[in-house]
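Residue-level structure breakdown
One-letter residues, chain by chain:
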Amino acid sequence: MTDGAPGTIEARLQALTAAVERLERRVGALEGQAIAPRSAPARAAGDGATGRGPAADAAALAGGLTLAGRSFLVLAGAFVLRAVTDAGRLPPWLGVGLGLALALALLALGDRAGRGAAAGGPARASAIAHGLTAALVGFPLVFEAATRFRLLGPGAAALALAALAGPALAVSARRRLPALAWIAALGALGTALALAAASGRFAPATVVLVAVGTATLWMGYVLDWYGPRWPVAVAADLAALALAVRAARGAEDAGTALLVLGILLAAYLGSVAVRTLVLQRAVVPFEVFQAAAALAVGLGGAALLDARAEGGAAGFGVAALLLASGAYGVAFAFADRRDAARANFRFYAGVALLLALCGSGLLLAGAARAIAWAALGLGAALLARRLRRTTLAVHAALAAAAAALAGGLVTGAAVALAGPAEPPGAAALAVLALVLATAWRCAGAVGRATRAERAPQLVLVGVAAAGLCGAAVGLAAPALAGSPAGLSAARTAALVAGVLALAALGRRPEWLEASWLTYPVLAVAGLQLLVDAVPHGRPATLVPAFALFGLALLAVPRLRRPRAAPAATARVR
């Protein structure tokens, strides 16, 4: 037994060694089989995936030709339907109806083919080809139904256009086909403008453009398709502006035009409000552009229609003022408290200012409008001082400048300093007092570290200085009637007094912007002395004029020197 044990163990070791060798040979064979197939087929698979192989190129070309051939066959069928209708074999209404049904059927086929469009490839191309063919059949047919066959009026044609563009945009959004969205948007845009030009009725086409523009706007919000919304929005703005101009001339109904302008404002501003307030997103450049354009077109168009709207423009003004108060409330109660982007606060505050100015402008006229705008500027200045908001200081400056233009302060000052001066009216003096109060309350209201932050106060000081100089010359004009030399000397005196006042006021840190105006006003005074006082003056008037101007030349550099800071008191330890 002991003799057989070593042999048994040796036999078992030899069997185990043989089994390991067989396993090694088998593993080596398997590794060789795995490496060998990856050389050629892997390259072929990689070429096929990237589309670089000849077979892939041939397949792509064949697929494209197939789609093109199918589309041309469908177009041929549409032209057969057109020829049969032209020949009188089919009633026009039936031919048009069949053509529109064909376009809608093609959109349905595109929706069906687009089920696999997310993965790309033939399914996506087929869906886009169906949509393009539907657009080529449907949009021209809507135009011809309204113009050639006279089957549809302007309103019905707009409804047919919306019934075609709406499903096309829906299919593009459902199947994630941005190319189809471009096709539908541009097709609807071109057809709507062509219908408006052919029929002379812009209201229905504008409503369709606003609807398509709103749809593309929300596609940009939800699907990140930012391109289609731009051309449609611009077309809607231009169509609405053309509608307002035509209505002001009597070519369109003024009430309908006001309604369409209201739809434009509600659609775009409402969409922006939902996105920024409900969804709490920051405002984007398109929203700023389109909101400004819609406000300009809508409120400007309402101002054009004020004389023909029979009270409609006044209602527009009341609505604008209510929206302005709401926009200001949103700017402070929502955008600020929710810590939204600073752009949101500026956007809503800017919209509120435009609405307030335009709304009051629609309700008021003449001196009342100027006083209201000046009061609005003073209110913004008071809020800016209380809330420390630079944006409100900008609003105060803009409102004051608008009031000065509407109240004749700027033009009155220019006339008083260069032409026949007249005493300012009570309304102009009231506007001037409000502008002065606005400048006073804005001084030091907010931090002004940069030149851009100092621009509002610079505007306020400039407007106030021009108004004061013009008012001073105008008030002196009756006493100097019939004396051009005396009036010229009064102009020189007013300008020199303005220069000295600006230089003295600019020594204070909160009125630093006044010092920036001293040399420009001094240059104006020198020009007035040369071209006005010298030609029209006499020795009795030229002596004080030259003396005053010389005094200004001597005093301004000294007055503009900043005050020396008080010496620091040594600390006693």
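In this text, all values refer to a predicted model and were calculated from it rather than measured experimentally.

With that settled, the discussion passes to the overall build of the chain. Scanning the chain from N- to C-terminus turns up 21 helices and zero strands. In the chain, of all internal contacts separated by at least 6 residues, the share reaching a separation of at least 24 is 74%. For the chain, the exposed surface amounts to about 28,900 Å²; the carbon and sulfur share of it is 68%.

Turning our attention to the nonpolar core. Counting residues in each nonpolar core, the largest one holds 81 residues, and the members touching the most others are Leu161, Leu264 and Phe316. It is helix 9 (residues 254-278) that contributes the most residues to this core, 11 residues altogether. Setting aside residues no more than four positions away along its own chain, leucine 161 makes contact with Phe139, Val142, Ala188, Thr191, Ala192, Leu195 and Val208. With 53 residues, the next largest nonpolar core counts Ala396, Leu432, Ala439 and Val496 among its residues.

As a further point, take the environment of alanine 489. Take alanine 489: it is sitting in helix 18 (residues 484-505). For the pair alanine 489 and glutamine 528, spaced 39 residues apart in sequence, the C-alpha to C-alpha distance is 9.7 Å.

Helix 6 (residues 178-199) packs onto helix 5 (residues 154-174) with a crossing angle of 175 degrees between their chain directions and a minimal axis gap of 9 Å. Between helix 5 and helix 6, the angle is such that the two are roughly antiparallel. Counted together, Pro154, Ala157, Leu161, Ala165, Ala168, Leu169, Val171 and Ser172 of helix 5 and Leu180, Ala181, Ala184, Ala185, Ala188, Thr191, Ala192, Leu195 and Ser199 of helix 6 form the full contact between these two elements.

The next point concerns helix 17 (residues 451-476). A rise of 1.5 Å per residue sets the reference length of helix 17, with its 26 residues, at 38 Å; its end C-alpha atoms lie 36 Å apart and thus fit the reference within 8%. Along helix 17, the sharpest kink reaches roughly 30 degrees, centred on glutamine 457.

Now for the side chain of glutamate 287. Positionally, glutamate 287 belongs in helix 10 (residues 285-304). There is a polar contact of 3.2 Å between the side chain of glutamate 287 and the side chain of arginine 275. A polar atom in the side chain of glutamate 287 sits 3.0 Å from the backbone nitrogen of valine 284. Filtering out sequence-adjacent residues up to four positions away, glutamate 287 remains in contact with Tyr221, Val272, Arg275, Thr276, Ala282 and Phe347.

On to the packing of helix 4 (residues 122-147) against helix 5, then. Following both chains from N to C, one finds helix 4 and helix 5 inclined at 170 degrees, their axes separated by 10 Å at the closest point. By the angle class used here, helix 4 and helix 5 are roughly antiparallel. For the pair helix 4 and helix 5, the contacting residues are Gly138, Phe139, Val142 and Ala146 in the first and Ala157, Ala160, Leu161, Leu164 and Ala165 in the second. Counted by class, the contact of helix 4 with helix 5 contains eight nonpolar, one polar and no charged residues.

Once that is clear, we can look at the pattern of salt bridges. Should the charged atoms of two oppositely charged side chains come close, the side chains can pair. Under the counting rule described, the total for this entry stands at 11 salt bridges. Measuring nitrogen to oxygen at the nearest pair gives 3.6 Å for the salt bridge that ties aspartate 86 to arginine 148. Of this pair, aspartate 86 sits in helix 2 (residues 54-86) while arginine 148 sits in the loop between helix 4 and helix 5, placing them 62 residues apart in sequence. Under the relative-accessibility criterion, aspartate 86 is labelled partly exposed at 40%. By relative accessible area, arginine 148 is classed as partly exposed at 46%. Here the residues in one salt-bridge network are Arg82, Asp86, Glu144 and Arg148, joined through shared partners.

The next subject is unusual backbone geometry. With phi around 55 degrees, glutamine 280 is a residue other than glycine that occupies positive phi space. Relative to the assigned elements, glutamine 280 resides in the loop between helix 9 and helix 10. Look at glutamine 280 and you get exposed, because its relative accessible area is 53%. In this structure, arginine 388 is a non-glycine residue whose phi angle is positive, near 60 degrees.

Right, let's talk about the side chain of glutamine 528 for a bit. Residue position: glutamine 528 is located in helix 20 (residues 518-536). Ignoring sequence-local partners within four residues, the contact set of glutamine 528 consists of Leu417, Ser488, Arg491, Thr492, Leu495 and Ala533.

A word on the confidence of the model for the chain. Across the chain, the average pLDDT comes to 87, with 86% of residues at 70 or higher. Throughout residues 1-6 the model reports pLDDT below 50, and contacts reaching past four residues in sequence, or to other chains, amount to zero contacts. Every residue in residues 564-573 is under pLDDT 50, and counting partners more than four places away or in other chains gives zero contacts.

Looking now at a nonpolar patch on the surface. Nonpolar side chains collect at one region of the surface, where Trp230, Val234, Leu238, Leu241 and Phe289 lie side by side and expose about 430 Å² of accessible area between them. The element best represented in the nonpolar patch is helix 8 (residues 229-248), accounting for four residues. Tracing the chain through its elements places leucine 238 in helix 8. Judged by its relative accessible area of 55%, leucine 238 is exposed.

As a further point, take the packing of aromatic side chains. By the definition in use, this model includes five aromatic pairs. Where tryptophan 230 meets phenylalanine 286, the ring centres are 4.8 Å apart and the plane angle is 80 degrees; that geometry is what we call edge-to-face. You can see tryptophan 230 sitting in helix 8 and its partner phenylalanine 286 sitting in helix 10, a full 56 residues away along the chain. For tryptophan 230, a relative accessible area of 34% gives the class partly exposed.

Rules used throughout
Residues numbered from 1 in each chain as written. Predicted model: local features only at pLDDT ≥ 70, side-chain atom pairs only at ≥ 80, totals over all residues. Heavy atoms only, no water. Helix = DSSP H or I, 4+ residues; strand = E, 2+ residues; numbered from the N terminus. Contact = heavy atoms within 4.5 Å. Areas by Shrake-Rupley, 256 points an atom, 1.4 Å probe, with all protein chains shown as cover. Core = buried A, V, L, I, M, F, W, Y, C linked by side-chain atoms within 4.5 Å. Buried < 20%, exposed > 50% of the residue type's maximum accessible area, 1.4 Å probe, protein only. Axes fitted to C-alpha atoms, helices over the stretch in contact; angles between N-to-C directions. Parallel < 35°, antiparallel > 145°, perpendicular 65-115°, else oblique. Expected span 1.5 Å × (residues − 1). Bend = angle between axes of the 7 residues up to and from the residue. Polar contact = N/O pair within 3.5 Å; in protein donor to acceptor, adjacent residues only side chain to side chain. Nonpolar A, V, L, I, M, F, W, Y, C, P; charged D, E, K, R; others polar. Salt bridge = Lys/Arg side-chain N within 4 Å of Asp/Glu carboxyl O. pLDDT = per-residue confidence, 0-100. Patch = residues over 30% accessible without salt bridge, like charges linked within 9 Å, V, L, I, M, F, W, Y side chains within 5 Å. Phe/Tyr/Trp six-rings, centres within 6.5 Å; stacked < 30°, edge-to-face > 60°.

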